Amino acid sequence: MMHKHILIVTTLFGSLLVSCGDSEGKEKDTEESQGQEQVAADTSATESSVVEPAVATPKDPALNEIAHIYAGLEVDSTSALYTLTQTPEWQEYHNQITDTWNNYDTVQHDKVEDFREQWLPAEVRGGRDLLYPFAGADFLYADLFFPDAENTYMFGLEPLGTIPKEEMLDKGYYNGVVRATRDLLRLTYFRTNWMREDFKKNGVVPLLCYFIVHRGHDVSDVEFVKPDEHGNLVSVDPDSATGARVEFIDHRTNKVRNVIYFQGDISDAALSKDLAMKQYIENLPQCNLYMKAASYICYHWQFDTICQTFVDHAELCLQEDSGAPLRYFPEANWDRKFFGTYVYPIPLFTDRIYRQKDELKNAFANPDQVYELPFPLGYHSLAGTDNLTLAIRK
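Residues numbered from 1 in each chain as written. Predicted model: local features only at pLDDT ≥ 70, side-chain atom pairs only at ≥ 80, totals over all residues. Heavy atoms only, no water.

Overall, mixed pairing links the eleven strands, which are arranged E4-E3-E5-E6-E2-E1-E7-E8-E11-E9-E10 in an open sheet. The sheet is open, and its two edges are formed by strand E4 (233-235) and strand E10 (370-371), each paired on a single side. One ladder, built from two bridges, connects strand E9 (residues 334-340) with E10; its direction is parallel. Bridge pairing links Phe339 to Tyr371 in E10. (Pairing = 2+ DSSP bridges. Helix = DSSP H or I, 4+ residues; strand = E, 2+ residues; numbered from the N terminus.)

Moving on: unusual backbone geometry. In this structure, Ala293 takes a positive phi of about 50° despite not being glycine. Mapped onto the secondary structure, Ala293 falls in the loop between strand E7 (287-291) and helix H11 (304-312). Backbone geometry at Ser295 places phi at a positive 55°, although glycine is not the residue there. Here Ser295 lies in the loop between E7 and H11.

With that settled, the discussion passes to the environment of Ala332. Tracing the chain through its elements places Ala332 in the loop between strand E8 (314-319) and E9. For Ala332, a relative accessible area of 65% translates into the label exposed. The spatial distance from the C-alpha of Ala332 to the C-alpha of Arg393 is 9.5 Å, given a sequence separation of 61 residues. (Buried < 20%, exposed > 50% of the residue type's maximum accessible area, 1.4 Å probe, protein only.)

We now examine the pairing of strand E11 (residues 387-393). Counting buried residues in E11 gives five out of seven residues, a clear majority hidden from the surface. Both E8 and E11 contribute to a ladder of four bridges, which runs antiparallel. The residue of E11 that forms the bridge with Leu316 is Ile392. In this structure, E9 lies alongside E11, joined through seven bridges in antiparallel fashion. Paired with Phe339 across the two strands is Leu388, which belongs to E11.

On to the packing of aromatic side chains, then. Throughout the structure, instances matching the rule amount to 28 aromatic pairs. An aromatic cluster is present here, built from Phe115, Trp119, Tyr132, Tyr141, Phe145, Phe146, Tyr290, Phe339, Tyr371 and Phe375 joined pairwise through their rings. (Phe/Tyr/Trp six-rings, centres within 6.5 Å; stacked < 30°, edge-to-face > 60°.)

With that settled, the discussion passes to helix H8 (residues 204-214). Across the eleven residues that make up H8, a large majority, eleven, are buried. Within the span of H8, buried status applies to Val204, Val205, Pro206, Leu207, Leu208, Cys209, Tyr210, Phe211, Ile212, Val213 and His214. At the C-terminal side of H8, Gly216 shows a positive phi close to 90°.

Here we come to the pattern of salt bridges. Taken as a whole and assessed by the stated rule, the structure comprises 16 salt bridges. A salt bridge links Asp250 to Arg252; its shortest N-O distance comes to 3.0 Å. Judged by its relative accessible area of 2%, Asp250 is buried. The class for Arg252 is partly exposed, based on a relative accessible area of 38%. Salt bridges here are not isolated pairs; linked through shared partners, they connect Lys59, Asp221, Glu223, Arg245 and Glu247. (Salt bridge = Lys/Arg side-chain N within 4 Å of Asp/Glu carboxyl O.)

Another aspect to go through is the environment of Ile266. Inspection of the secondary structure puts Ile266 in the loop between strand E6 (256-263) and helix H9 (268-271). The spacing of Ile266 and Lys278 is twelve residues in sequence and 8.4 Å in space, taken between C-alpha atoms. When near neighbours in sequence (up to four residues on either side) are disregarded, Ile266 contacts Phe134, Phe155, Leu271, Phe303, Ile306 and Phe310. (Contact = heavy atoms within 4.5 Å.)

It is worth stressing that arrangement in space is one thing and function is another; only the former is reported here.
So, in structure tokens, the structure goes:
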């Protein structure tokens, strides 16, 4: 009889355990379900609170559209300037420009970008501004080699110019753009004598915008400037300006960037009198330095001080042989690599005032420090004897 009671108690106790277990399990399942629902709700709330960054738009959309039109690029059919792209002369110009850039893409573009990613990756470029002396209107190669420079500082003798008005955009203007840009796209540099003639009418600013939009960016604003006595830029009217700042929106990053171009003589003698410009240059941050088709100016004794100033501001320098002499980049302070083939400059640049030495010739004679250059660039492009020097400060 006692066994029967024990059995009954055991059975009842087991039932209670099962009952309690079921209850606890249900409560646990309910808690887990509620927790999952709360997590889902929190996640949903977080996702809904994430605000996508606004797409930057040009300050002056009409300016951007004008630049696209005289660059031979189409604009939206809703644009007030759309009818300019429907004329026979613009259509002919558009086809010509398209063929020119297709050829450039085939011969040059991808090879330069591949070279950049191999030898000038982002961590090497360091996100620094770009200093490009003796540049003319060559934003194209500045942006190809240094696409993340927030500010690009360019110097040249060519006039500033202004963005054309709508009524100026005719066959004559389009032909002028073709003449002014064809050498850079075909030879990879502007020929100095021709450039002065071609740029005389329209100036550098329209051509900077031309190359900016062909790189896929949007022109946002153009401001005419000059440095004050402290080297700070101030806004002035175009007739008083010695420089222009072109603001644009980078299509890859949605960031605002600037090209600042200055017209004028920056020889040592000229800067000793133009103290505002001298101070502006001295105020520049540490930059990447790029020089191409620079007429061997830094070899000339009249540019010793300014070239040293440019090098002092450089953490990295990429140049072909017409840039700064190799003596500015001693091995003790710079890691140096050489690309392509070195040949002596043409007789025009071997006059004794240029003080040509055999430094580059000897450097290129060492195969252990010379690498392939898979694209034409600079004065030797037609001969196929192009070269580049890459110097990185230690």
